[in-house]
Amino acid sequence: MSSDPTTFVTITARARGPLVIEGNVIIRSPEGQILEAPPSKTPGVIKLCACGRTRNRPFCDGTHKIDPEQG
Ligand code: FES
């Protein structure tokens, strides 16, 4: 599969949250399998975990919202 080099993908790093990707991207596992992103409230947006606490790597599952001080 090829991609259009003139089309930009936007990645926004949220404070204490995920990397929010807007645009067409392919996410692969370490074994090279294409991973399907979980459904998003906003179509075409993918959120990658940047906190390391997700249970659905590499995607954000909202765990970053839980205060680590409260367990
Ligand atoms: S950034 Fe959301 S679970 Fe890690």
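What comes next concerns the included structure.

Conventions and cut-offs
- Residues numbered from 1 in each chain as written.
- Predicted model: local features only at pLDDT ≥ 70, side-chain atom pairs only at ≥ 80, totals over all residues.
- Heavy atoms only, no water.
- Helix = DSSP H or I, 4+ residues; strand = E, 2+ residues; numbered from the N terminus.
- Buried < 20%, exposed > 50% of the residue type's maximum accessible area, 1.4 Å probe, protein only.
- Contact = heavy atoms within 4.5 Å.
- Areas by Shrake-Rupley, 256 points an atom, 1.4 Å probe, with all protein chains shown as cover.
- Salt bridge = Lys/Arg side-chain N within 4 Å of Asp/Glu carboxyl O.
- Pairing = 2+ DSSP bridges.
- Axes fitted to C-alpha atoms, helices over the stretch in contact; angles between N-to-C directions.

Glancing now at the overall build of the protein. Of the regular secondary structure elements, the protein holds 0 helices and 5 strands. Put simply, the protein runs from its N terminus to its C terminus through helices and strands in the order β-β-β-β-β. Buried positions account for 18% of the 71 residues belonging to the protein. By sequence separation, contacts in the protein at least 24 residues apart represent 29% of the contacts at least 6 residues apart. Approximately 5900 Å² of the protein is accessible, and the part contributed by carbon and sulfur atoms is 51%.

What follows is about the environment of Ile66. Mapped onto the elements, Ile66 comes out in the segment after strand 5 (45-48). Of the residues examined, Ile66 reaches a relative accessible area of 43% and is grouped as partly exposed. Considering only alpha carbons, one finds Ile66 and Arg53, 13 residues apart in sequence, at a separation of 9.8 Å.

So, about the pattern of salt bridges. Going through the model one piece at a time under the given rule, you end up with 1 salt bridge. For Asp61, the salt bridge goes to Arg55, with nearest N and O atoms at 3.5 Å. We classify Asp61 as partly exposed; its relative accessible area is 33%. We classify Arg55 as exposed; its relative accessible area is 69%.

This brings us to the sheet that holds strand 2 (residues 19-22). A sheet is described by the order of its strands in space; here 3 strands give the open sequence 1-2-5, paired in antiparallel fashion. Lying at the two open borders of the sheet, with one neighbouring strand each, are strand 1 (10-13) and strand 5. When the angles between neighbouring strand axes are averaged without regard to direction, this sheet yields 20°. Where strand 2 lies against strand 5, 4 bridges are found, and the strand directions are antiparallel. Along strand 5, the bridge assignment pairs Ile21 with Ile46.

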